[in-house]
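# Structure at a glance
Here's the letter readout for the chains.
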Amino acid sequence: MELFTQLFGKLLVFVYHCFDRIVIHGYLSGLSRPEQVVYFFRQVVGVATVGKDVLSRRTDEYQHWVEAFARNHQTPIEWAEKGVRKEDYVQRWLRPMVRGNKYGVYFIFKSMEQGPTFRCTVPKYPTKDPNHRILAQQRSRFTHYYFYIRDEVLGPMVMRVGSFFPFQATYYLNGHSFIEQELNRTGVGFRKNDNAFLAVEDPGALQAAADRMSPALMRERLDYWTLLLGPKFSVKECKQVNLRRFYAISQIEYCRNFIFKRHFPIHKIFERSCELGLWRLTGHKISEIFGTRISKRLKGKLATTLEQIEHGHHIFRAYWKHSFMKQYEKFAVFLRNEICSNNLADFGLKKGLEHLDDVREKFLEITERFATFQAQCLNVHVDFPLLQRLALPIPLGSAKYPGIKIHDTRMIRLMQVLLHARATVGGWSAQQLHDALLMSFGLSAKRYGLSQLRYDLRKMRAHALLERDGTRYAYRLTDKGVKVALLFVLFHQRLCGPLANSLFHHRPEAKFQPDSKLEAAVHKADNSIRNVIQLLEAKQHC
């Protein structure tokens with residue numbers, strides 16, 4: 001992260017990191033299992049037979065209460081339509097709440113969705129207890145209520161409650177909404193667009209507000225809205241059964257945001273980062289960024305993609321197990337690195353809300369490693385004196401090793417394999433490198449032997465591009481080696497490759513050229529490259 005700031009510090013206005021989208025499930029701990037439900041109705045409520053009619057009665061009571069709540073508070077309640085985005089639809093009710101500085105429920109959606117519930121069946125054979133019923137967990141389709149709330153602490157949030165027993169609740173929060181409420185409370189001026197802060201009077205106050213999002217504060221607000229909008233239980237029921245909800249994190253996002261002074265560097269940085277990420281972020285490197293090593297027991301995705309969600313808006317993603325790291329640019333001056341997890345167990349973390357601080361610490365380390373990886377790749381310049389020094393022979397003790405030429409095919413292949421190397425904890429042995437080279441480039445052992453590889457490795461070590469892992473004969477690139485390898489490989493892929501293709505590839509006849517401005521621009525650039533090559537050849541002959 002420090003390297004990224006050093007590279008682009010003059011172009012940055014400020015940087016902040018915070019939680020973004022958070023999805024939390026609220027479970028009734030005392031009514032989650034069938035035996036607990038039977039005990040509740042038989043011993044607490046006093047119902048002998050726990051049948052379908054008993055559970056349906058609770059559902060009807062809650063549905064009637066929601067209808068009465070909406071009617072008494074004049075809150076709109078509608079069925080959700082297919083293909084309509086709920087957040088966009090409710091904006092016209094949220095805006096008056098914001099202008100009037102009001103808080104509370106401003107809209108209720110009804111939706112038929114699948115959720116956890118219980119199924120009651122009569123035993124196939126008679127039992128000693130005539131009131132015995134078989135109660136089993138199942139997932140079925142029933143009505144869910146979406147309460148759209150503007151909270152005075154958490155800001156706009158959504159609470160979804162299932163209308164069937166055990167009334168599981170889901171809460172949708174956003175860290176940027178919480179920060180907005182905190183800045184308004186402390187009187188700090190800011191400019192916020194959608195889900196990002198683009199300007200702020202005091203960046204330190206912005207980061208301090210983000211760090212104040214604590215588990216205790218969130219639990220207090222969730223308990224308040226659950227008590228107000230959730231299913232009702234009597235005082236006797238609450239005393240005899242644990243009806244306090246257990247809050248578990250289902251999905252969570254943590255983002256690091258870079259606010260630039262102007263758009264030009266963002267687009268170039270993002271474009272370059274996508275190219276390097278798709279090319280160099282291998283499975284081993286992704287695991288290294290996420291803080292683990294690849295093993296045969298790894299489950300889930302392990303890949304990089306470049307997705308276009310909207311027209312002209314690309315998102316780079318690096319998937320790891322049930323999580324992914326994504327990067328995108330927005331609002332012309334905004335660049336975001338964000339990690340999203342759908343299963344905290346992948347990181348060895350517990351999903352309880354009380355462990356939110358551990359999640360923050362872990363995700364902050366991952367985003368720092370991702371930013372450092374990008375900075376190392378982007379910190380590569382065409383340093384011609386460096387190329388000249390590398391091309392000269394170098395004495396090392398009594399031996400003298402030849403220089404490394406930028407057109408040396410053997411060295412380019414070796415550098416490319418080392419860049420795609422596994423996690424650099426243990427390094428690569430010569431035999432592993434030799435096998436990878438033969439397999440990657442289809443070479444034979446006679447054409448490129450192990451002794452030739454060892455000679456190339458000694459040459460790279462002499463130029464301080466390689467280092468050994470202690471006393472082991474295992475090698476990895478140094479910081480200088482990573483920069484030089486990227487420079488050499490990108491030079492061949494981005495410059496030599498297109499030039500050779502432009503010079504030797506069959507050129508179509510001009511009469512078949514389509515009437516397109518883009519095609520005309522491409523041909524114009526191609527002609528310019530050919531003219532430069534011809535001038536260079538003429539100068540050499542002179």
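## Things to note about helix 3 (residues 52-72)
Taking 1.5 Å per residue, 21 residues should reach 30 Å; helix 3 reaches 30 Å between its end C-alpha atoms and fits that length. Among all positions in helix 3, only Val54, Leu55, Arg58, Thr59, Tyr62, Val66, Ala68, Phe69 and Ala70 are buried.

## A closer look at the packing of helix 14 (residues 409-419) against helix 15 (residues 430-441)
Two quantities define a packed helix pair, namely the angle between the axes and the distance from one axis to the other. Helix 15 packs onto helix 14 with a crossing angle of 105° between their chain directions and a minimal axis gap of 10 Å. For the element pair helix 14 / helix 15, the angle class is roughly perpendicular. The segment helix 14 lies against helix 15, with Arg413, Leu414, Gln416, Val417 and Leu418 engaging Leu433, Ala436, Leu437 and Phe441.

## Digging into the pairing of strand 18 (residues 474-477)
Side-chain alternation along strand 18 places Ala474 and Arg476 on one buried face and Tyr475 and Leu477 on a second face that is also buried. Two elements, strand 16 (residues 428-429) and strand 18, share two bridges in a ladder whose sense is antiparallel. Directly across from Ser429, in strand 18, lies its bridge partner Ala474. Pairing geometry for strand 17 (residues 466-468) and strand 18, over three bridges, is antiparallel. The partner of Leu466 across the bridge, within strand 18, is Leu477. Joining the antiparallel neighbours strand 17 and strand 18 is a turn of five residues, in which Gly470 adopts a positive phi near 65°.

## Points about unusual backbone geometry
Residues Phe165 and Pro166 are joined by a peptide bond in cis, for which omega reads 15°. Tracing the backbone through its elements, the reader meets Pro166 in the loop between strand 5 (155-162) and strand 6 (169-174). The residue Asp194 is not glycine, and still its phi comes out positive at about 55°. We note that Lys321 has phi near 55°; this positive angle belongs to a residue other than glycine. Counting through the fold element by element, Lys321 comes out in strand 11 (residues 313-321). Owing to a relative accessible area of 22%, Lys321 belongs among the partly exposed residues under this scheme.

## Looking at the sheet that holds strand 18
Across the sheet, which stays open at both edges, the three strands sit in the order 16-18-17 with antiparallel pairing between neighbours. This sheet does not close on itself; its edge strands, each paired only once, are strand 16 and strand 17.

## Structural notes on the confidence of the model for the chain
Chain-level statistics for the chain give a pLDDT mean of 84 and a share of 88% at 70 or above. Element-level pLDDT for the chain is lowest in helix 18 (residues 517-541), with a mean of 66, against a maximum mean of 96 in strand 6.

## Remarks on the nonpolar core
Note on soluble globular proteins: their nonpolar side chains tend to be buried together. Core analysis: the largest hydrophobic core is formed by 131 residues, its most contacted members being Phe147 and Met460. A total of 10 residues in this core trace back to one element, the largest contributor, which is helix 12 (residues 356-378). Ignoring anything within four residues of it in the chain, the contact list for Met460 reads Ile404, Met411, Leu414, Met415, Leu418, Leu465, Leu466 and Leu477. In terms of nonpolar packing, the next biggest core, distinct from the first, is built from 10 residues, Met97, Tyr106, Tyr146 and Val158 among them.

## Concerning the packing of helix 6 (residues 175-186) against helix 7 (residues 203-211)
Between helix 6 and helix 7, the least distance of the axes is 9 Å, while the angle of their chain directions is 125°. Our classification of the angle between helix 6 and helix 7 gives oblique. Note that helix 6 runs across helix 7; the crossing there is right-handed. In this structure, helix 6 uses Phe178, Ile179, Glu182 and Leu183 to contact helix 7, whose residues at the interface are Ala205, Leu206, Ala209 and Ala210. In terms of residue class, the contact of helix 6 with helix 7 is made up of seven nonpolar, no polar and one charged.

## Focus: the environment of Gly175
Position of Gly175 among the secondary structure elements: in helix 6. A C-alpha to C-alpha distance of 7.9 Å links Gly175 and Leu154, two positions 21 residues apart in sequence. For Gly175, the residues in contact, after removing those within four places along its chain, are Phe19, Asp20 and Met213.

## Section: the side chain of His434
Inspection of the secondary structure puts His434 in helix 15. Every residue in contact with His434, bar those within four places of it in the chain, is listed here: Tyr448, Gly449, Leu450 and Leu453.

## Things to note about helix 7
Those residues of helix 7 that fall on the buried side of the exposure criterion are Ala205, Leu206, Gln207, Ala209 and Ala210. Of the surrounding secondary structure, the elements contacted by the buried residues of helix 7 are strand 1 (12-28), helix 6, strand 8 (196-200) and helix 12.

## Observations concerning the pattern of salt bridges
Taken as a whole and assessed by the stated rule, the structure comprises 20 salt bridges. For Glu67, the salt bridge identified is with Lys110, shortest N-O distance 3.4 Å. Within this pair, whereas Glu67 is found in helix 3, its partner Lys110 is found in strand 3 (residues 104-121), the two being separated by 43 residues in sequence. A relative accessible area of 28% means that Glu67 is categorised as partly exposed. For Arg221, the salt bridge is made with Asp151, and the minimal N-O distance between the two is 2.8 Å. On the criterion of sequence distance, the pair formed by Arg221 in helix 8 (residues 215-229) and Asp151 in strand 4 (residues 134-151) is long-range, its members being 70 residues apart. In this structure, Arg221 and Asp151 share a single accessibility class: buried.

## As for the side chain of Gln207
Looking at where Gln207 falls in the secondary structure, it is placed in helix 7. Once residues lying within four places of it in the same chain are set aside, the contact partners of Gln207 are Tyr16 and His17.

## Details of the environment of Gly277
Take Gly277: it is sitting in helix 10 (residues 263-280). Each residue touching Gly277, except ones within four places of it in the same chain, is listed here: Thr304 and Phe316.

## What to know about the packing of aromatic side chains
This structure, assessed with the given rule, holds 29 aromatic pairs. Their ring planes at 50° and their centres at 5.5 Å tell us that Tyr319 and Phe324 sit as a pair that is tilted. No difference in accessibility class separates Tyr319 from Phe324, as the two residues are buried. Members of the aromatic cluster, connected to one another through ring pairs, are Phe40, Phe41, Tyr62, Trp65, Phe69, Tyr145, Phe147, Phe165, Phe167 and Phe233.

About the cut-offs
Residues numbered from 1 in each chain as written. Predicted model: local features only at pLDDT ≥ 70, side-chain atom pairs only at ≥ 80, totals over all residues. Heavy atoms only, no water. Helix = DSSP H or I, 4+ residues; strand = E, 2+ residues; numbered from the N terminus. Expected span 1.5 Å × (residues − 1). Buried < 20%, exposed > 50% of the residue type's maximum accessible area, 1.4 Å probe, protein only. Axes fitted to C-alpha atoms, helices over the stretch in contact; angles between N-to-C directions. Parallel < 35°, antiparallel > 145°, perpendicular 65-115°, else oblique. Contact = heavy atoms within 4.5 Å. Pairing = 2+ DSSP bridges. pLDDT = per-residue confidence, 0-100. Core = buried A, V, L, I, M, F, W, Y, C linked by side-chain atoms within 4.5 Å. Left-handed = near helix turned anticlockwise from the far one by under 90°. Nonpolar A, V, L, I, M, F, W, Y, C, P; charged D, E, K, R; others polar. Salt bridge = Lys/Arg side-chain N within 4 Å of Asp/Glu carboxyl O. Phe/Tyr/Trp six-rings, centres within 6.5 Å; stacked < 30°, edge-to-face > 60°.

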